[in-house]
Amino acid sequence: MQFSFKKFLPHLSVLIGFVVVSLLYFSPVLQGKQIKQSDIMHYIGMAQQQKEFKASTGEETYWTNSAFGGMPTYQLGARYPHNYVKKLDSVLRFLPRPADYLFIYFLGFYILLLALKVDFKLAALGALAFGFSTYLIIILGVGHNSKAHAIAYMPMVLAGIVLTFRQKYILGFLLTAIALALEIGANHFQMTYYLMLLVLVLGASYLIDAYRKKMLQHFFKSVGLMVVALILAIGLNATNILATQEYVKESTRGKSELSINPDGSPKVVTSGLSKDYITEYSYGKMETFNLYIPRLFGGGNNEDVGKDSEIYTFFRNLGATPAQARQEAERAPTYWGDQPIVEAPAYVGAVVIFLFVFALFLVRGRLKWWLVGGTLLSLLLSYGKNLSFLTDFFIDYVPLYDKFRAVSSIQVILELCIPVLAIFGLVRLFNDFDKDERKLTALKISAGIAAGLAVLFLLFKGSFDFVGVNDGYYRQLYGDYGQGYIDALRDDRRSFFTQDALRTLILVVLSAGTIFMFLKKKLSETLVVVIFAALILFDLVGVDRRYVNTENFVSAVKVNKPYQANAADKEIMKDDGHFRVIDVSSAGQGMPARAAYFHNSLSGYHAAKLKRFDELFDFHIARNNMNVLNMLNTKYIIAEEEGQIFPFVNEDANGNAWFVSKLTLVPSANDAIMALENLNTLEEAIYEGPNPGNGIITKRPLNLPSAYSVDSLARITLTEYKPNYLKYKSTNTNDGFAVFSEIFYGNGWKATIDGKEKSIQRVDYVLRGLEVPAGAHEIVFSFEPDVVQTGSMISLGSSIVFVLLLIGGLWFGLKQGKD
């Protein structure tokens, strides 16, 4: 194998350039500042207990009691043994966050274009166009880090697949395996699922091409290698995948055992999420043009409209101070599309879209149809309920599609496809495959379409009403001044519409003029690349800066410690017992993971809570059922009165564990959750039969007596507590049945009485129950998930196999003398 540093030097220069650009855009990281991300703030609250446990013991806990009564940490950043993919990922993400994700955006896309045999200069240009796509920057601003993580590795996976199809079997296989491993390791399976849809489109285009060229043998050989690479990538992430697969069945993403709603009405039981929940964030059809004109629909739910805005003038005319009027102008709800909340438009770029349209008239073959097919599929599916026949088909018949919400996020596929084809428009412009006359014709048509569209919006802007779905709320919020506020807001929306349509038109004219000058031999190829780099950066960075800029950064302390203990928290933390807290104050409602940062709480923030606890919350906790709060050992309720936050002490909390005198078998989950309405949980417990009414067969319950004798001396005392380990001492003169105020989770929790393992029974819908013989005993609950041990061994074996294959590939390359 030959290595030429001279050949590698241009790529090294590009990589250094990516580092510099990433750090320049997020320049506050050079001062030690961090970006304030709302979702990361929630994550820190949720993960604080496991972080503290790791710091104090050096061990990883796979269970936390800090949120929702208790849940596995599998989706809270749990670290697993022998997960070497994470170590490689850490090496690649060597820059401070979030500059690290921006760098990986650039790197992955650059590798993809190189795999497609694009010159390094154009590959670098394409990487900038992809990395600065507004949606990809916005998700970094709000803290969707795992989503950004997964998106960043998508192009690298595609690069491996393309190389394999190009008969670069060894390099393609190795790159596919490691890129897929990194993609899966990013732990955002929704994005990985969308990538799979794009790969299917890619595979279909290559299959058709292979059939036409009579190269089916090569096609299936390539597919076989990629299947092996997929298996290896799964093996490298075995623990995470197995744990997630196990957990998802018990989470809100799995099938419910209930067939009723909290009000008693019938519930539609599905294997995944409800259609309404899946399609809540559906892209409006007219919003498609936001990809091309950024603030066509106003931008985001909180835009800074500036001092020259009608909103600012409106409040000044009402007598507001300049500071008050400026504050209102900084948070104007300018978005007027169909979605409930939008942080910013999913802007791909006027220049990039123009080049995409230009490429449609020059590029031919499987590449074009793959990218156009992926773009159209992504766009149509993003419409969600606005294109219900297609969305319903995917939800009902396409496996796993009903496990994911926010269908508009599938636009990440078109945000990848469009820049690739756009760059190939320039590739065709620079090569000699087409005559200049054909290129000029393509330029005229594409310029006419792109510029004409912007002109149409300018001419017909009077046909839009600029009314948003949430305007009624703001009209009511501002009372007598509500209509005046909405009128001012509509004027600002109209102004944004006009400004950005003109902006797009100018960028298209400049782009078309650059290509025209090149065709007339007035500009060199290098100068054209430089001009387009300047245009793309001006275009995309200019829009990105509206939403994510230096103002989003704060000191590292504020990010790492986002919550400050109030008087109620401090009072509760004086109690060194083991109990739960529920925060019903305004602070707790606004920051749902706040209580989890300080206490074992009943609240939290997570996209996949334990399903049974979520149902219990909706049926009882949200309705302040004290019987249920008592059985969960809710000792403190953080409340608020006249602006003062205080801890209410619930003297009736059941405690850590107790013996019951009555045990009732109910036939279904429906009966179990409804029985809690008036159940005296301190005296009686209920457990379920094996055949709920919705057809789900659950584990057959233990053959338990219905009554137990409980004397006044019977006690169970918690003597040792860790998130993943609880030890109790029990004393009872009779055989008894104990209920523990701990969340039941059948996959990992093990119980022993005097060292002998015993079966745990789920009782009271979410709690653990245990038969305890008469006498004095030591009872231990420990969380020892088999899935972690099994997955870790698979990961270790897969890592060894991959290293051997890598060494073998290098040896074969040396033997063949390949570059």
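Residues numbered from 1 in each chain as written. Predicted model: local features only at pLDDT ≥ 70, side-chain atom pairs only at ≥ 80, totals over all residues. Heavy atoms only, no water.

In this section: the overall build of the protein. In terms of regular secondary structure, the protein is built from 30 helices and 18 strands. Judged by the C-alpha coordinates and their principal axes, the protein covers about 100 × 80 × 50 Å. Taken across its 819 residues, the protein has 57% of its residues classed as buried. Partitioning the intrachain contacts of the protein with sequence separation of at least 6 by distance along the chain shows that 77% fall at a separation of at least 24. Looking at the protein as shown, the accessible area adds up to about 35200 Å², and 59% of this sits on carbon and sulfur atoms. (Helix = DSSP H or I, 4+ residues; strand = E, 2+ residues; numbered from the N terminus. Buried < 20%, exposed > 50% of the residue type's maximum accessible area, 1.4 Å probe, protein only. Contact = heavy atoms within 4.5 Å. Areas by Shrake-Rupley, 256 points an atom, 1.4 Å probe, with all protein chains shown as cover.)

As a packed pair, helix 16 (residues 366-382) and helix 18 (residues 412-430) sit with axes 8 Å apart at the nearest point and diverge in direction by 150 degrees. As far as their axial angle goes, helix 18 and helix 16 are roughly antiparallel. Helix 16 and helix 18 meet at a crossing whose hand is left-handed. Within the contact between the two elements, helix 16 uses Leu 367, Lys 368, Leu 371, Val 372, Gly 374, Thr 375, Ser 378 and Leu 379 and helix 18 uses Ile 413, Leu 414, Cys 417, Ile 418, Val 420, Leu 421 and Phe 424. Taken together, the residues that form the contact of helix 16 with helix 18 break down as 11 nonpolar, 3 polar and 1 charged. (Axes fitted to C-alpha atoms, helices over the stretch in contact; angles between N-to-C directions. Parallel < 35°, antiparallel > 145°, perpendicular 65-115°, else oblique. Left-handed = near helix turned anticlockwise from the far one by under 90°. Nonpolar A, V, L, I, M, F, W, Y, C, P; charged D, E, K, R; others polar.)

With that settled, the discussion passes to empty space enclosed by the protein. The full count for this structure, using the stated rule, is 2 cavities of 30 Å³ or more. Together, Asn 301, Pro 333, Tyr 335, Gly 337, Gln 339, Gly 468, Val 469, Asn 470, Asp 471, Tyr 474 and Arg 493 line the largest cavity. Residue composition of the lining of the largest cavity, grouped by class: 4 nonpolar, 5 polar and 2 charged. Volume-wise, the second largest cavity comes out at about 30 Å³. In this structure, the second largest cavity is lined by Gly 126, Ala 129, Val 352, Leu 355, Pro 419, Ala 422, Ile 423 and Ile 536. Breaking the lining of the second largest cavity down by element, the ones donating at least two residues are helix 5 (120-131), helix 15 (350-360) and helix 18. Broken down by element, the residue count for the lining of the second largest cavity peaks at 3 residues, all from helix 18. (1 Å grid on protein atoms, 1.4 Å probe; cavity = no way out; pocket = protein on both sides within 12 Å on 5 of 7 lines; lining within 4 Å. Points joined across faces, edges and corners; volume = space filled by probe spheres on them.)

Across the sheet, 3 strands lie side by side as 5-6-7; this open sheet has mixed pairing. Because the sheet does not close on itself, it has two edges, and the strands there are strand 5 (580-583) and strand 7 (644-649). Going from strand to strand, the sheet's axes swing by 25 degrees on average, the running direction of each strand aside. With 4 bridges joining them, strand 5 and strand 6 (residues 634-641) adopt parallel strand pairing. Looking at the pairing, Ile 582 lines up with Ile 637 of strand 6. (Pairing = 2+ DSSP bridges.)

Once that is clear, we can look at the pattern of salt bridges. Throughout the structure, instances matching the rule amount to 33 salt bridges. For Lys 275, the salt bridge is made with Asp 392, and the minimal N-O distance between the two is 3.8 Å. Of this pair, Lys 275 sits in helix 12 (residues 275-278) while Asp 392 is found in helix 17 (residues 388-397), placing the two residues 117 residues apart along the sequence. Overall, the relative accessible area of 28% leaves Asp 392 in the partly exposed class. (Salt bridge = Lys/Arg side-chain N within 4 Å of Asp/Glu carboxyl O.)

Okay, the packing of aromatic side chains next. Summed over the entire model, instances satisfying the criterion amount to 51 aromatic pairs. Ring plane angle 15 degrees and centroid distance 5.5 Å describe the contact between Phe 165 and Phe 219, whose orientation is recorded as stacked. Of this pair, Phe 165 sits in helix 7 (residues 145-165) while Phe 219 sits in helix 10 (residues 216-236), and the two are 54 residues apart along the sequence. You'll find Phe 165 and Phe 219 in the same group, each marked buried. Taken together, the aromatic side chains of Phe 18, Tyr 25, Phe 26, Phe 106, Tyr 110, Phe 132 and Phe 553 make up a single cluster linked through ring pairs. Above the plane of the ring of Phe 496 lies Arg 295, whose end atom (NZ or CZ) is 3.6 Å from the centre. Above the ring of Trp 63, the side-chain terminus of Arg 768 is found at 6.0 Å from the ring centroid. (Phe/Tyr/Trp six-rings, centres within 6.5 Å; stacked < 30°, edge-to-face > 60°. Lys NZ or Arg CZ within 6 Å of the ring centre and 35° of its normal.)

What follows is about the side chain of Asp 434. As for its position among the elements, Asp 434 is in the loop between helix 18 and helix 19 (436-459). A relative accessible area of 7% means that Asp 434 is categorised as buried. In this structure the side chain of Asp 434 is engaged in a polar contact, spanning 3.0 Å, whose partner is the side chain of Arg 428. For Asp 434, the side chain forms a polar contact with the side chain of Arg 438, separated by 3.0 Å. (Polar contact = N/O pair within 3.5 Å; in protein donor to acceptor, adjacent residues only side chain to side chain.)

For the bond running from Arg 97 to Pro 98, omega is 5 degrees, close enough to zero to count as cis. Note on placement: Pro 98 falls in the loop between helix 3 (84-92) and helix 4 (99-115). Even without glycine at this site, Lys 521 takes up a positive phi of about 65 degrees. A positive phi angle is found at Asn 633, which is not glycine, with a value near 55 degrees.

Along the chain, Ser 66 falls in the loop between strand 2 (63-64) and strand 3 (71-72). Within the structure, Ser 66 has its side chain in polar contact with the backbone oxygen of Met 46 (distance 3.3 Å). Aside from chain neighbours lying at most four places away, what touches Ser 66 is Met 46, Gln 49, Ala 596, His 599, Asn 600, Ser 601 and Ser 603.

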